[in-house]
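Architecture at a glance
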Amino acid sequence: RFVACISEYCRSQLMCFADAAHWDKLHIVHCGIDPVRYDTAPHTGHTLLFVGRLAGVKGVPILLDAVATLKARHPQLRLALIGDGPDRAALEARAIRLGLADRVEFLGYRSQSEVAEALAGAQIFVLPSFAEGVPVVLMEAMAAGLPVVTTQIAGIPELVDSGISGLLVPPGEAAPLARALDTLLTDPARRHAMGQAGRARVSADFNIATEAAKLSQLFQSSGAATSAPLSRKDIA
């Protein structure tokens, strides 16, 4: 009767494989978070935060390379990585080779409350992934008032307005990532403005209560309908 898609990009990929007669059954229901859960701290300093699996798809080697190019210009720069995965040992070795042993901290798995605490203490959230949907961790970072630097892939541009709530860079390249990080590290006022814009964006369009209500309406409309297909026009 209907399909809930987490982004316009996701919907477009389903449209590649579904007959056009069924496209009206594809509805957008975002993943969401509770913005109230996340603190909006001042976010001063030079700490970058990454949260995710330590696996190739997340692009962490590119992030380490970018930090290595910034260490002379930003002597106080630190990177904290929350998460674990198959590439952890290789990434720790890479950090040492790049001379980042005293700047990069591998924190392993953390609880949701610990992640929220880390977000409150960071200055920039960075996610250099090669493949994503619409990452919930980006929503959490934006709800915490952090500017984000991430890649221009899949559904991410539907969440992050580049130049407004964060900066989008091409995937797989350290130089553009380093430039974006440098831009924000040297401009506290811009970081603050982006953080506030990001929190407003998530609160308006990626609030779990609002999105759950949309899904509920889809179920109710589908259950009450006759044999006719449920159309997007039927859903407010």
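Attention in this report is confined to the structure presented alongside it. (Residues numbered from 1 in each chain as written. Predicted model: local features only at pLDDT ≥ 70, side-chain atom pairs only at ≥ 80, totals over all residues. Heavy atoms only, no water.)

1. A look at unusual backbone geometry
For Ala154, which is not glycine, the phi dihedral falls at a positive 45°. In this fold, Ala154 is placed in the loop between β7 (148–151) and α6 (156–159). Note on Ala154: relative accessible area 28%, which makes it partly exposed. (Helix = DSSP H or I, 4+ residues; strand = E, 2+ residues; numbered from the N terminus. Buried < 20%, exposed > 50% of the residue type's maximum accessible area, 1.4 Å probe, protein only.)

2. Quick word on the packing of helix α2 (residues 60–70) against helix α7 (residues 174–185)
Put simply, α2 and α7 touch, their axes get as near as 8 Å, and they point 55° apart. With respect to each other, α2 and α7 are oriented oblique. In terms of crossing hand, the pair formed by α2 and α7 is right-handed. Packed against α2, whose contacting residues are Ile62, Leu63, Asp65, Ala66, Thr69 and Leu70, the element α7 presents Ala174, Leu177, Ala178, Leu181, Asp182 and Leu185 at the interface. Taken together, the residues of the contact of α2 with α7 break down into nine nonpolar, one polar and two charged. (Axes fitted to C-alpha atoms, helices over the stretch in contact; angles between N-to-C directions. Parallel < 35°, antiparallel > 145°, perpendicular 65-115°, else oblique. Left-handed = near helix turned anticlockwise from the far one by under 90°. Contact = heavy atoms within 4.5 Å. Nonpolar A, V, L, I, M, F, W, Y, C, P; charged D, E, K, R; others polar.)

3. Remarks on the sheet that holds strand β4 (residues 78–82)
Ordered by their spatial adjacency, six strands build an open sheet running β5-β4-β3-β6-β7-β8, and the pairing between neighbours is parallel. At either end of the open sheet lies a strand with only one pairing partner, and these are β5 (104–108) and β8 (166–169). When strand polarity is set aside, the average angle formed by the axes of neighbouring strands in this sheet is 20°. Here β4 runs beside β5; their pairing, made up of four bridges, is parallel. Across the sheet, the residue bridging to Leu81 is Phe106, located in β5. (Pairing = 2+ DSSP bridges.)

4. Notes on the nonpolar core
In this structure, Leu48, Leu119, Phe125, Val149, Leu159, Leu177 and Leu181 are the most contacted members of the largest nonpolar core, which totals 61 residues. Looking at this core, the element that brings in the most residues is α2, giving eight residues. When near neighbours in sequence (up to four residues on either side) are disregarded, Leu181 contacts Leu48, Leu63, Leu70, Ile124, Val126 and Val149. (Core = buried A, V, L, I, M, F, W, Y, C linked by side-chain atoms within 4.5 Å.)

5. Let's talk about the state of the cysteines
Scanning the model with the defined rule gives zero disulfides in all. You can see Cys5 has no disulfide; the closest cysteine sulfur is in Cys10, sitting 4.7 Å from it. Cys10 provides the cysteine sulfur closest to Cys31, a residue in no disulfide bond, and the two sulfurs are 9.2 Å apart. (Disulfide = S-S within 2.5 Å.)

6. Here we look at the pattern of salt bridges
With the rule as written, the count across this model stands at seven salt bridges. Between Glu211 and Lys214 there is a salt bridge; the shortest N-O distance is 3.2 Å. Taken together, the residues span about one helical turn, with Glu211 and Lys214 both in helix α9 (residues 208–224) at a distance of three residues. According to the relative accessible area criterion, Lys214 is partly exposed, its value standing at 31%. Here the salt bridges share partners, and the residues they tie into one network are Asp84, Arg88 and Glu92. (Salt bridge = Lys/Arg side-chain N within 4 Å of Asp/Glu carboxyl O.)

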